[in-house]
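Observations on the three-dimensional arrangement
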Amino acid sequence: MATSDAVLQVLSGAGPRSFSSDLCFNNLDLAFRSKHINYVKKRASRHMKMFKCSSVQQNCIGKHWFKRSGDGDLSVNATIKRLQLLRCKCQKAERVSGVTAEGGNGTWFVDSAKTLNLNGAVNTPGVLELGDTQQLMREKEVLTSNGSANKEEESLATNGAAGTGRDASRKVSVDPTEEEAWELLRDSVVHYCGSPIGTIAANDPTSSSVLNYDQVFIRDFIPSGIAFLLKGEYDIVRNFLLHTLQLQSWEKTMDCHSPGPGLMPASFKVRTFPLDGDDSATEEVLDPDFGEAAIGRVAPVDSGLWWIILLRAYGKCSGDLSVQERIDVQTGIKMILRLCLADGFDMFPTLLVTDGSCMIDRRMGIHGHPLEIQALFYSALLCAKEMLAPEDGSADLLRALNNRLVALSFHIREYYWIDLRKLNEIYRYKTEEYSYDAVNKFNIYPDQVSPWLVEWMPNQGGYLIGNLQPAHMDFRFFSLGNIWSVVSGLATRDQSNAILDLIEAKWSDLVADMPLKICYPALEGQEWQIITGSDPKNTPWSYHNAGSWPTLLWQLTVACIKMNRPEIAARAVDIAEKRISRDKWPEYYDTKKARFIGKQSRLFQTWSIAGYLVAKLLLADPGAARMLVTDEDPELVNAFSCMISSNPRRKRGQKNSKKPFIV
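Residues numbered from 1 in each chain as written. Predicted model: local features only at pLDDT ≥ 70, side-chain atom pairs only at ≥ 80, totals over all residues. Heavy atoms only, no water.

Counting its secondary structure elements, the protein contains 25 helices and 14 strands. In the protein, which comprises 663 residues, the share counted as buried stands at 58%. Here the analysis covers contacts within the protein between residues at least 6 apart in sequence; of these, 75% occur between residues at least 24 apart. (Helix = DSSP H or I, 4+ residues; strand = E, 2+ residues; numbered from the N terminus. Buried < 20%, exposed > 50% of the residue type's maximum accessible area, 1.4 Å probe, protein only. Contact = heavy atoms within 4.5 Å.)

Next up on the list: the nonpolar core. Ranked by internal contacts, the top residues of the largest apolar core, which has 165 residues, are Ile226, Leu229, Trp307, Ile333 and Tyr463. Counting residues per element, this core draws most heavily on helix α14 (residues 371-387), at twelve residues. For Ile333, the residues in contact, after removing those within four places along its chain, are Trp307, Ile308, Leu311, Ala384, Met387 and Leu388. (Core = buried A, V, L, I, M, F, W, Y, C linked by side-chain atoms within 4.5 Å.)

Let us look at the packing of aromatic side chains. Counting across every chain of the model gives 19 aromatic pairs. Ring geometry for Phe348 against Phe442: centres 5.7 Å apart, planes inclined by 55°, an arrangement best described as tilted. Here Phe442 lies in the loop between α16 (420-427) and α17 (451-456) and Phe348 lies in the loop between α13 (327-341) and α14, a separation of 94 residues in the sequence. With relative accessibility at 22%, the residue Phe348 sits in the partly exposed group. (Phe/Tyr/Trp six-rings, centres within 6.5 Å; stacked < 30°, edge-to-face > 60°.)

This part takes up the pairing of strand β6 (residues 278-289). A regular strand carries its side chains on alternate faces of the sheet. Sheet analysis places strand β5 (residues 267-275) next to β6, joined by nine bridges and oriented antiparallel. For Phe273, the partnering residue across the bridge sits in β6 and is Glu283. Taking the residues between adjacent antiparallel strands as the criterion, β5 and β6 are bridged by two residues, where Gly277 takes a positive phi near 80°. (Pairing = 2+ DSSP bridges.)

At 3.6 residues per turn, the α-helix brings residues three or four places apart onto the same side. For helix α15 (residues 395-416), spanning 22 residues, the distance from its first C-alpha to its last is 31 Å, which sits close to the expected 32 Å at 1.5 Å a residue. For α15, the tally of buried residues reaches 17 of 22 residues, placing the bulk of the element in the interior. (Expected span 1.5 Å × (residues − 1).)

On to the packing of α13 against α15. Interhelical geometry of α13 versus α15 gives an angle of 50° and a closest axis separation of 11 Å. Relative to α15, the element α13 lies oblique. Seen from above, α13 lies across α15 with left-handed handedness. Contact residues: Lys334, Leu337, Arg338, Cys340 and Leu341 in α13; Leu397, Ala400, Leu401 and Arg404 in α15. For the contact of α13 with α15, the residue count by class is six nonpolar, no polar and three charged. (Axes fitted to C-alpha atoms, helices over the stretch in contact; angles between N-to-C directions. Parallel < 35°, antiparallel > 145°, perpendicular 65-115°, else oblique. Left-handed = near helix turned anticlockwise from the far one by under 90°. Nonpolar A, V, L, I, M, F, W, Y, C, P; charged D, E, K, R; others polar.)

Residue placement: Phe604 occurs in the loop between β14 (596-597) and α24 (606-620). Residue Phe604 is classed as buried on the basis of its relative accessible area of 17%. Placed 401 residues apart in sequence, Phe604 and Asn203 show a C-alpha to C-alpha distance of 5.7 Å. The contact partners of Phe604, leaving out residues within four places of it in the chain, are Leu184, Ala202, Asn203, Asp204, Pro205, Lys584, Trp585 and Ile609.

This part takes up the pattern of salt bridges. Oppositely charged side chains can form a pair if their charged atoms are brought close together. This model, assessed by the stated rule, comprises 18 salt bridges. The shortest N-O distance in the salt bridge between Glu386 and Arg312 comes to 3.0 Å. A residue pair is termed long-range when its members are at least 10 positions apart, and Glu386 in helix α14 and Arg312 in helix α11 (residues 302-318) qualify at 74 residues. A relative accessible area of 29% places Glu386 in the partly exposed class. The class for Arg312 is buried, based on a relative accessible area of 5%. Here Asp396 and Arg399 are joined by a salt bridge, their closest N and O atoms 2.9 Å apart. (Salt bridge = Lys/Arg side-chain N within 4 Å of Asp/Glu carboxyl O.)

Our next topic: the side chain of Ser357. In this fold, Ser357 is placed in the loop between α13 and α14. The exposure class of Ser357 is buried, given its relative accessible area of 1%. Dropping the residues within four chain positions of it, Ser357 is found in contact with Arg219, Val298, Ala299, Pro300, Val301, Asp302 and Ile373.

On to the environment of Val189, then. Topologically, Val189 is positioned in strand β2 (residues 189-192). Between the C-alpha atoms of Val189 and Ile200, which are eleven residues apart in sequence, the distance is 6.6 Å. Those residues within four positions of Val189 in sequence are excluded, and the remaining contacts are Pro196, Gly198, Thr199, Phe228 and Ile236.

In terms of burial, strand β3 (residues 195-199) is a largely internal element, five of the five residues being buried. When β2 meets β3, the two strands line up antiparallel, connected through four bridges. Note on β3: the bridge partner recorded for His191 is Pro196. What sits between β2 and β3 in their antiparallel hairpin is a turn of two residues, with Cys193 showing a positive phi close to 55°.

We now examine unusual backbone geometry. Geometrically, the link from Pro515 to Leu516 is a cis peptide bond, its omega value of 0° lying close to zero. Look at the link from Tyr520 to Pro521: it is a cis peptide, with omega at -5°. Tracing the chain through its elements places Pro521 in the loop between β12 (519-520) and α21 (525-532). One non-glycine residue with positive phi stands out, namely Leu211, at about 50°. Here Leu211 shows up in the loop between β3 and β4 (216-217). A positive phi angle, close to 60°, is found at Ala594, a residue other than glycine. Its location among the elements puts Ala594 in the loop between β13 (589-590) and β14.

A word on the confidence of the model for the protein. Overall, the prediction assigns the protein a mean pLDDT of 78, with 69% of residues at 70 or greater. Note that residues 6-85 has pLDDT below 50 and, in this model, 166 contacts with residues that lie over four places away or in other chains. Note on residues 649-659: pLDDT is under 50 here. Beyond four places in sequence and across chains, it has 16 contacts. (pLDDT = per-residue confidence, 0-100.)

To continue, consider the environment of Gln605. Its location among the elements puts Gln605 in the loop between β14 and α24. It is 4.3 Å that separates the C-alpha atoms of Gln605 and Ala202, two residues lying 403 residues apart in sequence.

A word on the packing of helix α23 (residues 566-577) against α24. Contact geometry for α23 and α24: axes closest at 10 Å, N-to-C directions at 140°. When the axis of α23 is compared with that of α24, the two are oblique. Helix-helix and strand crossings are classified by hand; for α23 and α24 the assignment is left-handed. Residues Pro566, Ala569, Ala570, Val573 and Glu577 of α23 lie in contact with α24, whose contacting residues are Tyr612, Ala615, Lys616 and Leu619. Its residues placed into classes, the contact of α23 with α24 shows seven nonpolar, no polar and two charged.

Have a look at this one:
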């Protein structure tokens with residue numbers, strides 16, 4: 001009874017949060033706002049719709065046009081009829097509020113003397129107030145003009161704002177690997193109407209097959225966006241957020257079936273077309289891909305979740321909350337939440353998705369309730385709860401959001417967790433139990449415990465399994481899902497430390513010669529043939545099938561900083577630095593020890609470059625990780641504690657049967 005009361009008390013109403021929502025009304029373009037609201041009320045028609053480009057800043061790098069060789073050969077009229085594109089008239093737009101970067105030097109200043117506390121909460125203020133930052137920049141310019149680098153360092157230290165040594169003076173030597181990475185990252189930037197809007201997936205000059213690696217992917221841009229935020233270059237992230245929002249839920253179809261309202265595209269491409277009647281003039285359009293052109297034709301579930309996470313990070317880092325307070329952005333958040341929280345046949349609080357709907361975008365046996373999506377889902381729910389403006393229309397959504405947070409956290413922590421003790425319990429499970437108080441709730445057969453797991457599980461440490469469905473537990477270790485469960489707080493503090501303990505204990509398997517295995521172990525033999533369909537790209541210890549992905553460095557770094565164990569991430573970065581530049585920044589590595597560059601790996605992969613940069617920047621400034629870390633609401637923590645204190649295996653009586661979620 002105490003459990004029900006505690007949970008219902010939390011779910012009955014979401015606490016109000018203070019937002020200066022009136023500001024967004026003054027800044028919004030009235031024509032765009034009216035057009036967006038009308039779009040939300042009524043789905044766009046299937047014929048081509050043209051929008052003026054939304055408010056973006058056009059002074060960052062100057063006006064450039066993103067060109068792709070071969071676009072001129074397209075039949076313009078046929079292409080326009082076939083594609084539903086977003087047209088830009090390249091109008092002058094509003095500037096980003098806040099401090100912009102000059103010459104690539106950011107305005108991120110932190111007190112290096114402050115560190116994280118033992119609970120993982122960040123004590124260091126990530127960004128100074130606008131006036132303080134401007135004052136520091138003025139002092140920096142004056143000191144630099146006097147040619148006194150030593151005095152400059154003393155002045156910055158006196159003000160308690162010692163930035164990274166590389167930003168302090170242009171005369172200071174820059175690590176050649178980092179310098180190369182920044183050059184490559186900037187070379188990958190895509191421009192739209194004269195403004196930076198994202199980064200292409202890869203810029204490999206040795207590859208003759210471009211496929212869709214010349215597009216801006218939502219998930220791939222996340223580390224790039226974080227890197228630019230840490231450098232103080234906020235414009236590109238702001239433009240990315242607003243333009244991808246305009247692409248949300250377009251009427252592009254697959255076999256006459258339209259994407260659901262709120263779906264974010266997997267990627268988009270900037271295309272250039274000549275204007276009718278004027279061969280010398282061109283216009284740019286955004287062409288989104290919701291999966292209808294992708295290999296496997298699978299819609300991305302994680303794009304909208306990553307978008308919400310990046311939106312919060314932008315506000316935390318830049319101090320510019322006007323973007324998340326805009327009416328169109330608030331509407332976009334709600335559309336994503338409604339799509340994810342929609343009722344269906346599935347009775348679990350986890351999100352039901354198909355194979356290939358996340359970073360592992362090919363058939364790898366992750367259909368159902370993969371951990372990666374659940375961790376991102378939980379993180380996005382917490383971020384959205386923090387950003388949603390309190391209003392009458394949000395009350396029901398916030399109530400459903402709180403409901404899902406409690407149920408999802410309980411479900412993952414209770415049923416996905418495995419360590420040596422839990423493994424021994426599963427090994428002795430009784431099957432075919434029918435009752436409310438069954439121990440083996442999902443009818444897991446003990447024979448599913450593989451021999452590799454019995455030998456591999458360390459005495460200290462544990463992890464969250466990859467998937468859970470009736471009569472099926474996927475015991476593979478999936479790196480991103482476990483790491484982001486630490487970052488988001490989906491895993492408890494003890495579980496989070498145990499996950500890092502396991503990574504350390506199994507360092508030679510998960511890190512080896514290049515961080516970090518996307519999963520472990522690989523599917524081999526007949527199992528590989530059946531589960532992957534004999535996928536020639538996902539052969540054992542390659543690509544998604546236990547290949548090593550350098551981009552996972554940045555997520556590992558955030559998790560280690562949160563748990564006050566940055567030495568683990570620093571060790572992984574040191575290993576990566578020995579090879580990654582020499583190997584030309586590959587997409588992934590092959591073999592058990594990651595000794596070979598992936599056989600089909602793209603070189604100069606942007607998120608490998610950005611992942612390394614973010615890891616380095618965060619290790620130099622741990623306080624900056626606060627923009628990515630999410631902590632649970634104290635009321636939700638209290639409700640979850642009440643659920644745990646009660647026996648979760650008790651028989652549900654008549655009163656308890658009215659609970660709005662499964663326990």
